[in-house]
Amino acid sequence: MLVCGGNIDVTLLSRIIERGLVKDGRLVRLRVHLPDYPGALNRLTSILAQHRANIVETDYDRAYHGVGLGEPRSNHDGNPRPDHIAEIISALGAAGYTQEKVL
């Protein structure tokens with residue numbers, strides 16, 4: 001059998017790489033509880049920007065995952081430096097946000 005680029009499942013390869021990044025701590029998801037008012041997401045992303053957090057993907061959820069009324073959750077995927085995630089979590093806590101690292 002000949003192995004070449006034509007018979008590689010690129011979608012599977014992408015998922016393998018993504019899981020490896022998560023395992024190595026180079027791709028992190030934080031779930032942050034937000035107040036439900038205009039500008040809340042902007043305030044949150046401003047804090048992340050101040051700490052030079054690179055956001056890869058953002059998901060703003062008002063209806064799923066056990067979200068209470070008036071308490072949307074926002075999932076943020078980013079690729080921090082190894083020591084950077086503790087700094088970001090600390091800054092969010094100091095700003096009054098409840099957050100959790102999603103594994």
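Residues numbered from 1 in each chain as written. Predicted model: local features only at pLDDT ≥ 70, side-chain atom pairs only at ≥ 80, totals over all residues. Heavy atoms only, no water.

A. Region of the structure containing the overall build of the protein chain. Within the protein chain, the regular secondary structure consists of three helices and four strands. When the helices and strands of the protein chain are placed in sequence order, the string is α-β-α-β-β-α-β. Burial status across the protein chain gives 26% buried among its 103 residues. Sequence separation of 24 or more characterises 69% of the internal contacts of the protein chain that already satisfy a separation of 6 or more. Taken as a whole, the protein chain presents about 7,200 Å² of accessible surface, with 54% of it coming from carbon and sulfur. (Helix = DSSP H or I, 4+ residues; strand = E, 2+ residues; numbered from the N terminus. Buried < 20%, exposed > 50% of the residue type's maximum accessible area, 1.4 Å probe, protein only. Contact = heavy atoms within 4.5 Å. Areas by Shrake-Rupley, 256 points an atom, 1.4 Å probe, with all protein chains shown as cover.)

B. Molecular detail of the layout of surface pockets. By volume, the largest pocket amounts to about 470 Å³. Lining the largest pocket are 17 residues, with Glu 18, Val 22, Leu 27, Arg 29 and Asp 77 positioned closest to its centre. With five residues, helix H1 (residues 10–23) is the largest single contributor of residues to the lining of the largest pocket. Broken down by class, the residue content of the lining of the largest pocket amounts to seven nonpolar, two polar and eight charged. The computed volume of the second largest pocket comes to approximately 170 Å³. Along the wall of the second largest pocket there are 18 residues; nearest its centre are Leu 30, Ala 53, Asn 54, Gly 78 and Ile 88. Going through the elements one at a time, strand S1 (28–33), strand S3 (73–78) and helix H3 (84–94) are the ones with two or more residues in the lining of the second largest pocket. By residue number, the principal contributor to the lining of the second largest pocket is H3, which donates four residues. Here the residues of the lining of the second largest pocket sort into ten nonpolar, five polar and three charged. (1 Å grid on protein atoms, 1.4 Å probe; cavity = no way out; pocket = protein on both sides within 12 Å on 5 of 7 lines; lining within 4 Å. Points joined across faces, edges and corners; volume = space filled by probe spheres on them. Nonpolar A, V, L, I, M, F, W, Y, C, P; charged D, E, K, R; others polar.)

C. Spatial organisation of the nonpolar core. Core analysis: the largest hydrophobic core is formed by twelve residues, namely Val 28, Leu 30, Val 32, Leu 34, Leu 44, Ile 47, Leu 48, Ile 85, Ile 88, Ala 91, Leu 92 and Tyr 97. Contributions of two or more residues to this core are made by S1, helix H2 (40–50) and H3. Per-element tally for this core: the top contributor is H3, with four residues. Sequence-distant contacts of Val 28, that is, excluding residues within four places in its chain, are made with His 76, Asp 77, Gly 78, Pro 80, Ile 85 and Lys 101. (Core = buried A, V, L, I, M, F, W, Y, C linked by side-chain atoms within 4.5 Å.)

D. Quick look at the side chain of His 84. With respect to the secondary-structure elements, His 84 resides in helix H3. A polar atom in the side chain of His 84 sits 2.6 Å from the backbone oxygen of His 51. (Polar contact = N/O pair within 3.5 Å; in protein donor to acceptor, adjacent residues only side chain to side chain.)

The values reported here are purely geometric and, on their own, carry no functional implication.
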